[in-house]
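Working through the structure, step by step
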Amino acid sequence: MTENLNPFAIAQAQLDEAAEVLQLEPAMHRFLREPLREFHFSIPVRMDNGQTETFRGYRVQYNDARGPAKGGIRFHPDETIDTVRALAAWMTWKTAVADLPLGGGKGGVICNPRQLSVSELERVSRGYIRAVTRFVGLTQDVPAPDVHTNPQIMAWMLDEYEILVGHHEAGVITGKPQELGGSAGRSAATAMGGIFAIREAARVQGIPLAGSTCAIQGYGNVGSHAHRLAHEVSDLKVVAVSDEFGGIYNPNGLDPAVVQNHLREARTVKDCPDSEFISNSELLELDVDVLVPAAIENQITSKNADLIKAKIIAELANGPTTPRADKVLFDKGIYLIPDFLCNAGGVTVSYFEMVQNAYQFRWDESLVNQRLDNKITTAFQAVQKMAQSKQIENRVAAYLVAVARVAEAVRLRGWV
Ligand code: GLU
């Protein structure tokens, strides 16, 4: 039977498994299987050539029982409503496992940012926020960056929103440039949270990190920061990294500064000096201590799970591993740090950004990182304890912790 790679079907299957272990009442289970609400819209954009192009956009507010919906906006040519639904569901479990007073949401636009000029990108960004202005807000839903969106895009969106509502409201969007109220440490936060989670996993597994080998798939905001931090904070030897064009490998380690320099010129990590070519699939199958998928969904599937040799998998991407692959990895004894725990650092510092905006007060980077460490370590330990006590996979354990919290909020509100 071919594997179902629809991300929302996968998110629902993961919930189903957790609901069974948790013995969740059927009405609650049915409620949590579907998004609370979603918005589908067209964004007409005047292109540089004078023609109007219509882009499709989505915003899904999956669940806001614990607080305003929270989650990024992706610009991606392969975006689908089911991808956005899945990512919004995972945001719900992510904010719950990190115990943030927030719900889960996600947005997306079907577009290829690589084919847009800077001014077209600005018009798509302003068009997106115009379309959702009446549905988002500090107390409703707070967007942030995700795949192919960045602080500049958040700045345009904030500006458009504030023009429309007629007042300043910096906390309506996070991941902003620091000049507009962004938090210190936000751009590195997802990677930094992952580094803390890897440290905890290595401790549990008795693996000394210094000098251990690591491979990172994906070299966007998350992957590139993870490379630098693995080097600076954990003393891990990163032997391979990749992007959508292919990867690079050096058994003696890849210097993050050299790769960054090459990336600036070449706009890809491929053909970086002091490295040999490696394909994305070869990278995943390398004999390394720590494997970090930091790209997109469905990278570790029933096709390659058996070939993975890493001792620890730290999922910095959302949804990189399919349910069938999960079973294979578990049987092989690989320690998996599931996505919505491993990559919760980004939304955690987004929450810190909202708090700082509310108080008009700035924390310095060391305070942000100290509080982030605290949040991630606490979440990690709750999941680890659950996995140990029930002898279950870490992903299922993370679901148990998160779903129990969301279900309790839903129950207290009297929704189900
Ligand atoms: N896009 C990030 C994620 O998937 C961060 C979301 C946020 O900061 O709201 O976790």
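Our structure's up above, just so we're on the same page.
One structure accompanies this document, and this report is about it. (Residues numbered from 1 in each chain as written. Predicted model: local features only at pLDDT ≥ 70, side-chain atom pairs only at ≥ 80, totals over all residues. Heavy atoms only, no water.)

1. Quick word on the packing of aromatic side chains
Heads up, the condition is: Stacked, edge-to-face and tilted are the three classes for Phe, Tyr and Trp ring pairs, Trp counted by its six-membered ring, which pair at centre distances within 6.5 Å; planes under 30 degrees apart are stacked, over 60 edge-to-face, the rest tilted. Numbering of helices and strands starts at the N terminus; helices are DSSP runs of H or I of at least 4 residues and strands are runs of E of at least 2. Working definition: with a 1.4 Å probe on protein chains only, accessible area under 20% of the residue-type maximum means buried, over 50% means exposed, and in between means partly exposed.
One pass over the full model with this rule turns up 10 aromatic pairs. Taking the centre distance of 6.4 Å and the plane angle of 70° together, the rings of F8 and Y62 count as edge-to-face. Placement of the pair is F8 in helix α1 (residues 7–22) and Y62 in strand β2 (residues 52–63), with a sequence separation of 54 residues. Judged by relative accessible area, F8 falls into the buried class, the value being 6%. Y62 sits in the buried class, given a relative accessible area of 3%. Look at Y351 and F352: their rings are 5.9 Å apart centre to centre, the planes differ by 45°, and that puts the pair in the tilted class.

2. A closer look at the pairing of β2
For clarity, the cut-off: What makes two strands pair is DSSP finding at least two bridges between them.
In this sheet, β2 lies alongside strand β1 (residues 37–46) in antiparallel orientation, the contact comprising 10 bridges. Paired with F39 across the bridge in β2 is R59. In sequence, β1 turns back onto β2 through a hairpin of five residues, with G50 there showing a positive phi of about 90°. In this structure, β2 lies alongside strand β4 (residues 104–110), joined through six bridges in antiparallel fashion. Each residue of the ladder has a partner; that of Y58, found in β4, is G108.

3. Quick look at the sheet that holds strand β3 (residues 69–76)
Note on sheets: strands pair through backbone hydrogen bonds, and any given pair is parallel or antiparallel. Note the following rule: Angular values range over 0 to 180 degrees, each being the angle between N-to-C directions of two axes fitted as lines to C-alpha atoms, with helices fitted over their stretch in contact.
Pairing is mixed in the open sheet, where five strands are placed in the order β1-β2-β4-β3-β5. A single partner strand is all that each edge strand has here, and the edge strands are β1 and β5 (141–145). Going across the sheet, the axis of each strand differs from the next one's by a mean of 25°, ignoring polarity.

4. Regarding helix α5 (residues 151–165)
Heads up, the rule is: How far a helix is expected to stretch is found by multiplying one less than its residue total by 1.5 Å. Distance and chemistry together define a polar contact, namely a pair of N or O atoms within 3.5 Å, with one atom able to donate a hydrogen and the other to accept it when in protein, and with adjacent residues in sequence counting only for side-chain atoms on both sides.
Between its terminal C-alpha atoms α5 stretches 21 Å, which fits the 21 Å expected from 15 residues at 1.5 Å a residue. For α5, the complete set of buried residues consists of I153, M154, A155, W156, M157, L158, E160, Y161 and E162. Between the side-chain oxygen of the N-cap and the backbone nitrogen of Q152 there are 3.1 Å, and the N-cap of α5 in question is N150. G166 sits one or two residues past α5 and shows a positive phi near 85°.

5. Section: the packing of α1 against helix α14 (residues 394–413)
What counts is decided by this rule: An angle below 35 degrees is read as roughly parallel, one above 145 as roughly antiparallel, one from 65 to 115 as roughly perpendicular, and any other as oblique. Residue contacts are counted whenever heavy atoms from the two residues lie within 4.5 Å of one another. Lys, Arg, Asp and Glu make up the charged group, whereas Ala, Val, Leu, Ile, Met, Phe, Trp, Tyr, Cys and Pro make up the nonpolar group; the residues left over, Gly among them, are polar.
It is the contact of α1 with α14, at a shortest axis distance of 9 Å, that shows an interaxial angle of 75°. Of the possible angle classes, the one that applies to α1 and α14 is roughly perpendicular. Contact with α1, carried on its side by A11, Q14, L15, E17, A18, V21 and L22, involves R395, V396, Y399, L400, V403 and A404 of α14 and no other residues of that element. Taken together, the residues that form the contact of α1 with α14 break down as 10 nonpolar, one polar and two charged.

6. With respect to the side chain of K70
To be explicit about the condition: Charged residues are defined narrowly, with Lys and Arg counted positive, Asp and Glu counted negative, and His plus the chain ends left uncounted. Here a salt bridge means any side-chain nitrogen of Lys or Arg lying within 4 Å of a carboxyl oxygen belonging to Asp or Glu.
Inspection of the secondary structure assignment puts K70 in strand β3. Of the side chains with opposite charge, D141 comes closest to the buried, unpaired K70, at an N-O distance of 7.0 Å. At 2.9 Å, the side chain of K70 forms a polar contact with the backbone oxygen of V142. For K70, the side chain forms a polar contact with the side chain of T174, separated by 2.9 Å.

7. A look at the nonpolar core
Convention followed: To form a nonpolar core, buried Ala, Val, Leu, Ile, Met, Phe, Trp, Tyr and Cys residues must be joined to one another through side-chain atoms within 4.5 Å.
Grouped together as the largest cluster of nonpolar side chains are 93 residues, with contacts concentrated most on L32, W93, V241, V292 and I337. Broken down by element, the residue count for this core peaks at 12 residues, all from α14. V45, F55, V132 and V136 belong to the second-largest nonpolar core, a separate cluster that totals 26 residues.

8. Regarding the state of the cysteines
Spelled out, the test is: Cysteine sulfur atoms are paired as a disulfide whenever they fall within 2.5 Å.
Inspection of every chain in the model, using the stated rule, returns zero disulfides. With no disulfide of its own, C214 lies closest to C342 among cysteine sulfurs, the gap being 11 Å. For C214, a relative accessible area of 1% corresponds to the buried category. We note that C272 lacks a disulfide partner, and the nearest cysteine sulfur, in C214, lies 16 Å from it. Exposure remark for C272: the relative accessible area of 4% places this residue in the buried category.

9. With respect to the sheet that holds strand β6 (residues 213–217)
The mixed open sheet is built from seven strands, whose spatial order is β9-β8-β7-β6-β10-β11-β12. If you trace the sheet from one side to the other, it starts and ends with β9 (276–278) and β12 (335–337), each paired once. For this sheet, the mean angle separating the axes of adjacent strands, direction not counted, is 20°. Sheet analysis places β6 next to strand β7 (residues 237–243), joined by five bridges and oriented parallel.

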